[in-house]
Amino acid sequence: MSRSRSRMHLANLSLILALSLLVFCVACGNAGGSPGAQQGTSPATRRLGDAFGNLEQHPRPTSIVIPSQRATPTPTPTPAPAGQNTTSNTHICGATAPATGGAAPAASAIAASGKGSAPYGQPPALTSEEIMLTQKLFQQINQDRAACGLPPFVWNTTLSGGARLHSWNMYHCGFSHTCPDGLPQCTRIANEGFTFSDCGENIGLAGPYPTPWDGAYSIQAGMANEPATGWHHIHLFSTTLHQIGIGVYVAPNGWIWFTEDMIS
């Protein structure tokens, strides 16, 4: 009888030992599993996190501006003579009707190129169409500013040369503030020989429909009619930017590439 009890006791001990070893092996398996299992996340979650990390390391080019430009100007009402319509005094900053007149830079004041990087060579000589579009864009911008009670931008020939070179470069390297060499626009503008406290840049690409000016105006109006927090709108109606240069390149297929560079 005692032998039977001893055998049962040994069997129970063997069972307990086997269960202990099984628990230990499971624990070992968890400790040596995938990195995701160690951190309580699935492998798929880790891959998603890595994807976001890659996006953060390669951000999309964005417009680089000085923070003080965030202050959106408020139109200052001007007393109108008796009997005159005062609708313009309440005009919300944005695009007005297509400009048909106003001060415009002379053709001789519009530079064909600037001092910046030119990996595709220098742009060709300005055409009469490009000169016309440059003048009309300048008139349009100042007309829109006047409707908001803001002073006009002052034309800067050197800025216009750098802007045209950038439009020419974009035609080859793509629609971007930072092509062809990755320099931010404010650095590129400074390399033209400027010292400033504020700078900004707008770029546009317009189809030749139904006329070149109609195409350029449609893009310009879209920028002016952005919400007050839109960077194109902030640049166009800035109270800290005072000088502007515009550069236009019309491609052989009729598409219009244009750059508007502004400094304080």
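Residues numbered from 1 in each chain as written. Predicted model: local features only at pLDDT ≥ 70, side-chain atom pairs only at ≥ 80, totals over all residues. Heavy atoms only, no water.

For the structure shown, the criterion picks out three disulfides. What pairs with Cys-93 in a disulfide is Cys-148, and their sulfur atoms sit 2.3 Å apart. Of this pair, Cys-93 sits in the loop between α3 (43–57) and α4 (128–147) while Cys-148 sits in the loop between α4 and β1 (154–155), and the two are 55 residues apart along the sequence. The buried category is assigned to Cys-93, whose relative accessible area is 12%. Across the disulfide from Cys-186 sits Cys-199; the S-S distance is 1.7 Å. With Cys-186 in helix α6 (residues 185–190) and Cys-199 in strand β2 (residues 199–206), this pair connects stretches of sequence that are 13 residues apart. Taking relative accessible area as the criterion, Cys-199 reaches 0% and is therefore assigned buried. Along the chain, the cysteines engaged in disulfide bonds are linked according to the scheme 1-2, 3-4, 5-6 when indexed in sequence order. (Disulfide = S-S within 2.5 Å. Helix = DSSP H or I, 4+ residues; strand = E, 2+ residues; numbered from the N terminus. Buried < 20%, exposed > 50% of the residue type's maximum accessible area, 1.4 Å probe, protein only.)

A word on α4. Its 20 residues give α4 an end-to-end C-alpha distance of 29 Å, which sits within 8% of 28 Å, the value for a rise of 1.5 Å per residue. Of the residues trailing α4, Gly-149 is marked for its positive phi of about 75°. (Expected span 1.5 Å × (residues − 1).)

An ideal rise of 1.5 Å per residue puts 24 Å on 17 residues; helix α5 (residues 157–173) measures up with 24 Å between its terminal C-alpha atoms. Considered for burial, the residues of α5 that qualify are Leu-159, Ser-160, Gly-161, Gly-162, Ala-163, Arg-164, Leu-165, His-166, Ser-167, Trp-168, Asn-169 and Met-170. Residues of α5 that are buried sit in contact with α4, β1, α6, β2, β3 (243–250) and β4 (256–263). Capping of α5 at its N-terminal end is provided by Asn-156; its side-chain oxygen lies 3.0 Å from the backbone amide nitrogen of Thr-158. One or two steps after α5, the chain reaches Gly-174, where phi turns positive at roughly 110°. (Contact = heavy atoms within 4.5 Å. Polar contact = N/O pair within 3.5 Å; in protein donor to acceptor, adjacent residues only side chain to side chain.)

Scanning the model with the defined rule gives seven aromatic pairs in all. Ring centres of Trp-168 and Tyr-249 lie 5.1 Å apart, and the angle between their planes is 90°; this geometry places the pair in the edge-to-face category. A residue pair is termed long-range when its members are at least 10 positions apart, and Trp-168 in helix α5 and Tyr-249 in strand β3 qualify at 81 residues. Its relative accessible area of 10% is what places Trp-168 among the buried residues. Arg-145 extends its terminal NZ or CZ atom over the ring of Phe-153, reaching a point 4.1 Å from the ring centre. (Phe/Tyr/Trp six-rings, centres within 6.5 Å; stacked < 30°, edge-to-face > 60°. Lys NZ or Arg CZ within 6 Å of the ring centre and 35° of its normal.)

The strand order across the open sheet formed by four strands is β1-β3-β4-β2, and the pairing between neighbours is mixed. Only two strands of the sheet have a single partner each, and these edge strands are β1 and β2. Relative to β4, β2 runs antiparallel, the two being bridged by eight bridges. The residue of β4 that forms the bridge with Asn-202 is Glu-260. (Pairing = 2+ DSSP bridges.)

On to the pairing of β4. The element β4 is largely enclosed, with a buried count of eight among its eight residues. Burial of β4 is two-sided: the residues Ile-256, Phe-258, Glu-260 and Met-262 facing one way and the residues Trp-257, Thr-259, Asp-261 and Ile-263 facing the other way are all buried. One ladder, built from eight bridges, connects β3 with β4; its direction is antiparallel. Each residue of the ladder has a partner; that of Gln-243, found in β4, is Ile-263. A loop of five residues connects β3 with β4, the two strands running antiparallel in sequence, and Gly-254 in this loop sits at a positive phi of about 95°.

A word on unusual backbone geometry. Following Cys-179, the chain continues into Pro-180 via a peptide bond in cis, with omega recorded as 10°. Positionally, Pro-180 belongs in the loop between α5 and α6.

Residues with a pLDDT of 70 or more make up 66% of the chain, whose mean pLDDT is 77. Considering only residues more than four positions removed or in separate chains, one finds that residues 21–90, a stretch of pLDDT under 50, has 50 contacts. (pLDDT = per-residue confidence, 0-100.)

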